[in-house]
Amino acid sequence: MRIGELARQAGVDVQTVRYYEREGLLEAPARTGSGYRAYGQEHLERLNFVRHCRSLDMPLAEIRRLIELSRQQSISCDEVNALV
């Protein structure tokens, strides 16, 4: 899906999507042959996760840390709970 569709489905502005990409909260999407961003379901799920965290007043640095922790399989739930 294109950035406008992603933003619409997540209920955010296109500029918000670009901002979260620049901040490293959303992975950069693949590009189509014509240069358009091609987002997938995983981008929508991540964007919804970030929005939920922001609704809980979590700073971007903590959200970024949660995302980093989620990539580590050896991490314990205690470390995540301590952050949250």
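Residues numbered from 1 in each chain as written. Predicted model: local features only at pLDDT ≥ 70, side-chain atom pairs only at ≥ 80, totals over all residues. Heavy atoms only, no water.

A. Expanded view of the pattern of salt bridges. For the coordinates displayed, the defined rule picks out five salt bridges. The partner of arginine 37 in a salt bridge is glutamate 21, and the shortest N-O contact between them spans 3.6 Å. Note that arginine 37 is positioned in strand S2 (residues 37-38) and glutamate 21 in helix H2 (residues 14-22), a separation of 16 residues in sequence. Assigned by exposure class, arginine 37 and glutamate 21 land together as buried. The residue arginine 64 makes a salt bridge to glutamate 23 at a minimum N-O spacing of 3.2 Å. Here glutamate 23 lies in the loop between H2 and strand S1 (30-31) and arginine 64 lies in helix H4 (residues 60-70), a separation of 41 residues in the sequence. By relative accessible area, which is 24% here, arginine 64 ends up partly exposed. Under the relative-accessibility criterion, glutamate 23 is labelled partly exposed at 29%. (Salt bridge = Lys/Arg side-chain N within 4 Å of Asp/Glu carboxyl O. Helix = DSSP H or I, 4+ residues; strand = E, 2+ residues; numbered from the N terminus. Buried < 20%, exposed > 50% of the residue type's maximum accessible area, 1.4 Å probe, protein only.)

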